Amino acid sequence: MKVLHVTTGTGQSVTMRFADGHVAVHEVSPARPRAVRACAGGLLIGFGLAAVAVNAGDRGITGLDVALWIAVALTVVAAVGGAIWWFLIERSDRRRPPEVITASSVVNARSTADVTVTLELADGSERSYSAVGHAGTLLSTGFSRLLAVAGEAGAGPVADPRSTI
């Protein structure tokens, strides 16, 4: 199961992929949302300018339609640039090796009502992940399944009455 739009305790955006006995945590570059906004914004502005350019040509306003079509071409080029930027960032993010958390390395886990899952690992480190909405439900479900399966196998987290997952 893949969970998008998860935030770490340090504020880094990550994507989590749950599999049997482990979860892979993939970092998401902070520039990726900006690239998507640049692409989508260029397309919206381009379509809006194209609609105005068509109407300017129909109304007989000389010169305005040509200027608007040039602006449309520039915004479409900017949108294509944003799409290429997004593609390059996405490819770079996929090539980065993920952090893998195995169920056997989790000593304690707790969850809060605002869907923040905190894991205490065997090496003494602590990881915190939070998500909102449907992503929060998937995050909580993914960790509960991961730790429940590990608990059944006997290699999972130590039973702790404070754990709510």
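Here, the structure is the one placed above.
Here is what the cut-offs are and how they apply
- Per chain, residue numbering runs from 1 following the sequence as it is written.
- Under the rules for a predicted model, residues below a pLDDT of 70 receive no local features and side-chain atom pairs below 80 are neither given nor counted, while totals for whole chains, interfaces and linings still include all residues.
- Side-chain numbers here rest on the full set of heavy atoms in the structure, without hydrogens or water.
- Salt bridge, as used here: a side-chain nitrogen of Lys or Arg that lies within 4 Å of a carboxyl oxygen of Asp or Glu.
- Helix and strand definitions here come from DSSP, where helices need a minimum of 4 consecutive H or I residues and strands a minimum of 2 consecutive E residues; each element is numbered from the N-terminal end.
- Buried means the residue's accessible area, taken with a 1.4 Å probe over protein chains only, is under 20% of the maximum for its type, while exposed means over 50%, and partly exposed covers the values in between.
- When DSSP finds at least two bridges between two strands, those strands are taken to pair.
- Interaxial angles span 0 to 180 degrees and are taken between N-to-C directions of axes, which are lines fitted to C-alpha atoms, for helices over the stretch in contact.
- Between two residues, a contact is recorded if the distance between any of their heavy atoms is within 4.5 Å.
- Here the nonpolar core consists of buried residues drawn from Ala, Val, Leu, Ile, Met, Phe, Trp, Tyr and Cys, with membership extended through side-chain atoms lying within 4.5 Å.

(A) Quick look at the pattern of salt bridges. For the structure on display, the rule yields 6 salt bridges. Between D93 and R32 there is a salt bridge; the shortest N-O distance is 3.9 Å. Placement of D93 in helix 2 (residues 64–95) and of R32 in helix 1 (residues 31–58) is noted, with a sequence separation of 61 residues between them. Taken individually, D93 and R32 each receive the classification buried, so the pair is uniform in this respect.

(B) Spatial organisation of the sheet that holds strand 3 (residues 22–27). The 7 strands lie next to each other as 4-3-2-1-7-6-5, forming an open sheet whose pairing is antiparallel. Taken across any chain shown, the strands that pair with only one partner, and hence form the sheet edges, are strand 4 (99–102) and strand 5 (106–111). Averaged over all pairs of adjacent strands, the angle between their axes in this sheet comes to 30°, without regard to strand direction. The pairing of strand 1 (residues 2–8) with strand 7 (residues 126–130) spans 2 bridges and is antiparallel.

(C) Molecular detail of the pairing of strand 1. Direction of pairing for strand 1 relative to strand 2 (residues 13–19): antiparallel, over a ladder of 4 bridges. Bridged to V3 within strand 2 is M16. Where strand 1 folds back onto strand 2 in an antiparallel hairpin, the turn is made up of 4 residues, including G11, whose phi is positive at roughly 95°.

(D) Seen up close, the side chain of T15. Assignment of secondary structure puts T15 in strand 2. Ignoring sequence-local partners within four residues, the contact set of T15 consists of K2, V3, L4, A24, V25, H26, V28 and R32.

(E) Molecular detail of the pairing of strand 5. Across 5 bridges, the pairing between strand 5 and strand 6 (residues 116–121) is antiparallel. Opposite S111, over in strand 6, you have V117 as the bridge partner. Counting the residues that bridge the hairpin from strand 5 to strand 6 gives 4 residues, and of these V115 lies at a positive phi of roughly 55°.

(F) Representation of the nonpolar core in the model. Counting 22 residues, the largest nonpolar core has V6, M16, I101, L119, Y129, L139 and F143 as its most contacted members. Listing elements by their share of this core, those giving two or more residues are strand 1, strand 2, strand 3, strand 5, strand 6 and helix 3 (133–153). Take this core: its biggest share by element is 5 residues, from helix 3. Ignoring sequence-local partners within four residues, the contact set of V6 consists of Q12, S13, V14, M16, Y129, S130, A131 and L139.

(G) Main features of unusual backbone geometry. You will see that H5, though not glycine, has its phi angle at about 60°, which is positive. Its place among the elements puts H5 in strand 1. With relative accessibility at 64%, the residue H5 sits in the exposed group.

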